[in-house]
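Below, each chain spelled out in residue letters.
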Amino acid sequence: TIFPLDVLGIPKPILDRMDLRYEKVGLVLVTGITGSGKSTTLDSIIDMNNRNSQAHIVIIAHPIEYVHKSRMCIVRHREVAVDVNSFHEGAIQALRQDPDIIMVGEMRDPLTISIVLEITDSGHKTFTTLHTSSAIDSIHRIVAEFPPEEQERIRNRLADVLTVIISQKLVPTVDNKLILAKEILSVDSSVQAA
């Protein structure tokens with residue numbers, strides 16, 4: 001099921017930062033532990049853009065959990081181990097298709113992280129996930145994936161391209177339902193400087 005982003009409780013200024021109509025480039029990370037609803041949130045973001053913008057979206061996932069029908073956007077799906085061998089290979093191939101938005105299902109290794117940073121650097125809106133439990137852990141995890149001599153360069157690249165981190169988890173309510181708890185980091189000049 002695709003949930004509208006306003007139902008997920010994401011504030012309007014953050015929604016605007018993830019909407020291609022308002023920001024054409026930038027990296028958006030959705031983080032959390034396994035089973036925290038990261039894919040559902042990403043699908044909701046893609047659906048919002050598919051309804052609001054005329055664009056080309058390429059989704060690289062493993063597995064493809066939801067097939068987006070093209071609405072205002074042309075949406076193409078690439079499944080790892082079926083259509084492409086890996087996330088980084090899929091991301092490289094996606095660049096050849098002149099996309100406006102690329103969704104990379106998960107950043108698992110330094111090569112995929114480098115490709116995602118490169119994609120965003122080259123003027124694309126990029127969405128991806130990471131298995132971390134907070135926004136600051138996400139930044140530390142990305143930087144720590146690289147050798148010490150490269151970490152300062154990666155930190156600077158990340159500061160240039162990162163726009164939003166949503167760190168989330170599902171928590172039980174008193175009536176035994178699950179609700180989304182989230183921490184949102186919206187990157188501005190003071191965050192970039194830190």
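Residues numbered from 1 in each chain as written. Predicted model: local features only at pLDDT ≥ 70, side-chain atom pairs only at ≥ 80, totals over all residues. Heavy atoms only, no water.

Asks: Sorry if this is basic, but what is going on with the nonpolar core here?
Replies: The nonpolar side chains of a soluble globular protein tend to be buried with one another. Core analysis: the largest hydrophobic core is formed by 29 residues, its most contacted members being I60, I142 and L162. Breaking this core down by element, the ones donating at least two residues are β1 (26-31), β2 (56-61), α3 (87-95), β4 (101-104), α4 (110-121), α5 (135-144), α6 (148-161) and β6 (162-172). Element by element, the count of residues in this core is highest for α4, at 5 residues. Among the nonpolar cores identified, the runner-up in size contains 25 residues, and V28, M48, M103 and V164 belong to it. (Core = buried A, V, L, I, M, F, W, Y, C linked by side-chain atoms within 4.5 Å. Buried < 20%, exposed > 50% of the residue type's maximum accessible area, 1.4 Å probe, protein only. Helix = DSSP H or I, 4+ residues; strand = E, 2+ residues; numbered from the N terminus.)

Asks: Looking at this structure, I do not really get unusual backbone geometry. What am I missing?
Replies: In most cases, non-glycine residues show a negative phi, while peptide bonds are predominantly trans. The omega torsion across H62 and P63 is -5°, close enough to zero to call that bond cis. Mapped onto the fold, P63 is located in the loop between β2 and β3 (74-79). Phi is positive for A81, close to 80°, though the residue is something other than glycine. What makes A81 exposed here is its relative accessible area of 60%. In this model, N176 sits at a positive phi of 60°, which is unusual for a non-glycine residue. If you trace the backbone, N176 turns up in the loop between β6 and β7 (178-186).

Asks: How do you make sense of the side chain of H56 when you look at a structure like this?
Replies: Among the structural elements, H56 can be located in strand β2. If sequence neighbours within four positions are ignored, H56 has contacts with I74, R76, Q97, D98, P99, D100 and I101. (Contact = heavy atoms within 4.5 Å.)

Asks: In this structure, what is going on with the pattern of salt bridges? I would like to understand it.
Replies: One side chain can pair with another of opposite charge once the charged atoms of both are near each other. Counted under the stated rule, the structure contains 10 salt bridges. A salt bridge links R153 to E150; the shortest N-O distance between them is 3.0 Å. Of the two residues, R153 and E150 both sit in helix α6, 3 residues apart, roughly one turn of that helix. A residue is classified by how much of its surface remains accessible, and E150, at 27% relative accessible area, is partly exposed. R155 is paired through a salt bridge with E152; the nearest N and O atoms lie 2.9 Å apart. Pair noted here: R155 and E152 are both in helix α6, with a separation of 3 residues, about one helical turn. (Salt bridge = Lys/Arg side-chain N within 4 Å of Asp/Glu carboxyl O.)

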